Amino acid sequence: MAELLWKRVTTLGQGSFGAVSLASTSNALFRGVTLSSLIALKSCNLSDSQSLKEEFEILRMLNNSPYIIHYFRANISFEDNVNLYNLLLEYASGGSLADRL
Ligand SMILES: Nc1ncnc2c1ncn2[C@@H]1O[C@H](COP(=O)(O)OP(=O)(O)OP(=O)(O)O)[C@@H](O)[C@H]1O
């Protein structure tokens, strides 16, 4: 099965469990799902990734909901000599709910 290829473009924000980047993807189709060419990538150090792994499990349970950001997969990358745990997420281009309140 083809690996989903991505490249970080810019930083979107910082949460309690990780930093969020905007990333561009090169595969338009992944596991039968047509992807936008932009995704969000939530990353943290692999050695400190328990909370992000728990977030991944919750997103996995809710992945069919139209009200919850979809995840595409989790993976590990090696960047600047650090192993990072990454959640590959649907990019919410409209900003957060907090921005709108
Ligand atoms: N899927 C996404 N698409 C676009 N921007 C996102 C996405 N996920 C997160 N962001 C941006 O990154 C910021 C940090 O997101 P994250 O989910 O890590 O933390 P949070 O939910 O804002 O805070 P906390 O983790 O403390 O509850 C958000 O405020 C938002 O600006």
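Residues numbered from 1 in each chain as written. Predicted model: local features only at pLDDT ≥ 70, side-chain atom pairs only at ≥ 80, totals over all residues.

What follows covers the overall build of the chain. Of regular secondary structure, the chain possesses 2 helices and 7 strands. Classification of the 101 residues of the chain by burial places 19% in the buried group. Of all intrachain contacts in the chain linking residues separated by at least 6 positions in sequence, the fraction that spans at least 24 positions is 43%. (Helix = DSSP H or I, 4+ residues; strand = E, 2+ residues; numbered from the N terminus. Buried ≥ 20, exposed ≤ 12 C-beta atoms within 10 Å, placed from the backbone. Contact = placed C-beta atoms within 7 Å.)

This brings us to helix α1 (residues 50-61). Counted at 1.5 Å a residue, the expected span for α1 with its 12 residues is 16 Å, and the 17 Å between its end C-alpha atoms agrees. The buried count for α1 comes to 1 of 12 residues, which makes it a mostly uncovered element. (Expected span 1.5 Å × (residues − 1).)

Below, the discussion takes up the site of the ligand. Not every one of the 16 residues close to the ligand is listed here, only the nearest: Gly13, Gly15, Ser16, Val20 and Ala40. Among the elements of the structure, β1 (6-14), β5 (38-45) and β7 (82-90) are those that each provide at least two residues to the shell around the ligand. A per-element tally of the shell around the ligand places β1 first, with 3 residues. (Near = placed C-beta within 6 Å.)

In spatial order, the strands read β1-β2-β5-β7-β6; together these 5 strands make up an open sheet with antiparallel pairing. Looking at which strands have only one partner, the edges of the open sheet turn out to be β1 and β6 (71-79). Neighbour to neighbour, the strand axes of the sheet diverge by 30° on average, direction disregarded. As paired elements, β5 and β7 share 7 bridges and run antiparallel to each other. What sits directly across from Asn45, in β7, is Leu84. (Pairing = 2+ DSSP bridges. Axes fitted to C-alpha atoms, helices over the stretch in contact; angles between N-to-C directions.)

Here we take up the UniProt feature "binding site: ATP" (unreviewed entry) in the chain. As annotated by UniProt and renumbered to match this structure, "binding site: ATP" (unreviewed entry) occupies Lys42. Residue placement: Lys42 occurs in strand β5. With 25 C-beta atoms packed within 10 Å, Lys42 lands in the buried category. Once you skip the residues sitting within four places of it in the chain, Lys42 turns out to touch Gly18, Val20, Leu52, Leu87 and Leu89. (UniProt positions renumbered as here; feature names shortened; annotations may be inferred.)

A separate point is the confidence of the model for the chain. Scored by pLDDT, the chain has a mean of 88; 88% of the residues are at 70 or more. Taken element by element, the predicted model of the chain shows its lowest mean pLDDT in strand β3 (residues 29-30) (61) and its highest in β7 (96). (pLDDT = per-residue confidence, 0-100.)

As a further point, take the pairing of β1. As judged from the 7 bridges shared by β1 and strand β2 (residues 19-25), these two strands associate in the antiparallel manner. Residue pairing in the sheet places Thr11 in a bridge with Ser21 of β2. Once β1 ends, the chain turns through 4 residues before running back antiparallel as β2.

Time to look at the pairing of β7. Taken together, the 8 bridges between β6 and β7 define a ladder with antiparallel strand orientation. For Glu79, the partnering residue across the bridge sits in β7 and is Val82. The turn linking β6 back onto β7 is made up of 2 residues, and Asp80 within it adopts a positive phi angle of 50°.

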